[in-house]
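Here is what each chain is made of, one letter per residue.
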Amino acid sequence: MDGKVAVVTGGAQGIGAAIATTLAERGATVVIADIRHDAAAAKAEEIEQRSGSRVRAARLDVTDPEAVRALAGSCGRVDVVVNNAGIATSAPTFELTDEAWRRTLDINLSGPFHVSREFGRLMRGRGGAIVNISSIAAFKATRPEVHVGYDVTKAGIIGLTRTLAAEWAREGIRVNAVAPGYTNTGILREVGAESPETVEAWKAQVPQHRLIEPAEIAEAVAFLASPAASAVTGHVLLADAGYTA
Ligand code: NAD
């Protein structure tokens, strides 16, 4: 990744921070674009010191197309974009409010659309790689009683990935997705992992019988973002410890 510029949305913590770390350790200049600027700035400084690569933070709400355009405009050249920012909205369908439904779609699906479109313009004709973060929830209703909004957006990400891959192949832009299984981050607490019993129940569904570490998801992303994956586009790479096997 030497000499490449990578933007990671939602990179202030969790999987996004691990992706930013791995890309920086492989020589990329990284922009961590997160709605929480202070957290992004602290993480950028930490990764910069650890990796020796340049890492900067930008405040970005992926639901705001103007802000996305402005950030793309300030970046000049970008080679890799990782659409990682996402939220988990948990409510039974009959209780899911219009606002919660819209917000989930805005962040998890419209966000990656805005970011891909605006950063795609920078890559157009000169090449680049986009990696979208989907989920096992795109393949199986992981918690059918509470997850309709989340599951729909993570399935939608795969449609976005395939269509952009086909449309932008002529521009030299590859578009792929990684679909993580249960990964050890803060989002798991939001979806009910506060009790050890819940975590054990999840592990029991996974052939490898464990949670995945964010750094393992980052490896899958780094491969798809790298020249080693030059023939891979429109692909969804499951990194799920065997959950969907
Ligand atoms: P996390 O909650 O730890 O981190 C999400 C990050 O996104 C945070 O830094 C947050 O500030 C940022 N963010 C939220 N809204 C934003 C917005 N509007 N604009 C910009 N940034 C915003 O979550 P995580 O577990 O690291 O998840 C990262 C991605 O991986 C998400 O898309 C999630 O759906 C996906 N995923 C996670 C798991 C898992 O088990 N953790 C499994 C499958 C998929």
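Here the structure is shown first, and the text comes after it.
Overview of the structure. Since this is a predicted model, take the numbers as computed values, not measurements. (Residues numbered from 1 in each chain as written. Predicted model: local features only at pLDDT ≥ 70, side-chain atom pairs only at ≥ 80, totals over all residues. Heavy atoms only, no water.)

When its secondary structure is counted, the protein shows eight helices and seven strands. What you see for the protein is a C-alpha radius of gyration of 17 Å, in line with the 18 Å of a compact globule of 245 residues. Each principal axis of the C-alpha distribution contributes one length, and for the protein these read about 45 × 35 × 35 Å. Of all 245 residues assigned to the protein, the portion counted as buried reaches 53%. Within the protein, counting contacts between residues at least 6 apart in sequence, those at least 24 apart form 75% of the total. Taken together, the 25 basic and 28 acidic charged side chains of the protein have centroids lying 6 Å from each other. (Helix = DSSP H or I, 4+ residues; strand = E, 2+ residues; numbered from the N terminus. Rg over C-alpha atoms; globule rule 2.2 N^0.38 Å. Buried < 20%, exposed > 50% of the residue type's maximum accessible area, 1.4 Å probe, protein only. Contact = heavy atoms within 4.5 Å. Lys, Arg positive; Asp, Glu negative; His and termini not counted. Charge placed at Lys NZ, Arg CZ, Asp CG, Glu CD.)

There is about 830 Å³ of room inside the largest pocket. Lining the largest pocket are 41 residues, with Asn 84, Ala 85, Gly 86, Ile 87 and Ile 187 positioned closest to its centre. For the lining of the largest pocket, the elements supplying multiple residues, two or more each, are α1 (14-25), β2 (29-34), α4 (98-123), α5 (148-168) and α6 (186-190). Per element, the largest residue contribution to the lining of the largest pocket is four residues, and it comes from α6. Along the lines of polarity and charge, the residues of the lining of the largest pocket split into 19 nonpolar, 15 polar and seven charged. Residue lining of the second largest pocket: 13 residues in total, with Lys 4, Gly 128, Arg 174, Ala 225 and Pro 227 positioned closest to the centre. For the lining of the second largest pocket, the per-class residue count stands at five nonpolar, four polar and four charged. (1 Å grid on protein atoms, 1.4 Å probe; cavity = no way out; pocket = protein on both sides within 12 Å on 5 of 7 lines; lining within 4 Å. Points joined across faces, edges and corners; volume = space filled by probe spheres on them. Nonpolar A, V, L, I, M, F, W, Y, C, P; charged D, E, K, R; others polar.)

The end-to-end C-alpha separation of α5 is 30 Å, in line with the 30 Å expected for 21 residues at 1.5 Å each. Every buried residue of α5 is accounted for by Gly 149, Tyr 150, Asp 151, Thr 153, Lys 154, Ile 157, Ile 158, Leu 160, Thr 161, Leu 164, Ala 165 and Trp 168. (Expected span 1.5 Å × (residues − 1).)

Glancing now at the nonpolar core. Of all hydrophobic cores here, the largest spans 41 residues; its most connected members are Ile 19, Leu 23, Val 30 and Val 178. In terms of residue count, the dominant contributor to this core is helix α8 (residues 214-225) (seven residues). Judged by nonpolar contacts, the second largest core, of 26 residues, contains Ala 33, Ala 72, Leu 164 and Ile 173. (Core = buried A, V, L, I, M, F, W, Y, C linked by side-chain atoms within 4.5 Å.)

What follows deals with the site of the ligand. Gln 13, Asp 34, Tyr 150, Thr 183 and Thr 185 are the nearest of the 28 residues found near the ligand. Separating an oxygen atom of the ligand from a side-chain N or O atom of Lys 154 is a distance of 2.8 Å. At 2.8 Å from an oxygen atom of the ligand is found a main-chain nitrogen or oxygen belonging to Thr 183. Protein burial of the ligand: of its 840 Å² of free accessible surface, 95% is covered by the chains. Placement of the ligand is best described as lying within the largest pocket. When residues of the shell around the ligand are traced back to their parent elements, those giving at least two are α1, α5 and α6. At three residues, α6 tops the list of elements feeding residues into the shell around the ligand. Its residues assigned to classes, the shell around the ligand comprises 13 nonpolar, eleven polar and four charged. (Near = heavy atom within 4 Å. Polar contact = N/O pair within 3.5 Å; in protein donor to acceptor, adjacent residues only side chain to side chain. Areas by Shrake-Rupley, 256 points an atom, 1.4 Å probe, with all protein chains shown as cover. Sits in = over half its atoms within 2 Å of the grid points.)

The next thing to look at is unusual backbone geometry. The backbone of His 209 shows a phi angle near 55°, a positive value even though the residue is not glycine. In this fold, His 209 is placed in the loop between α7 (196-204) and α8. By relative accessible area, which is 46% here, His 209 ends up partly exposed. With a phi close to 55°, Ala 241 is a non-glycine residue in the positive phi region. With respect to the secondary-structure elements, Ala 241 resides in the segment after β7 (236-239). Overall, the relative accessible area of 12% leaves Ala 241 in the buried class.

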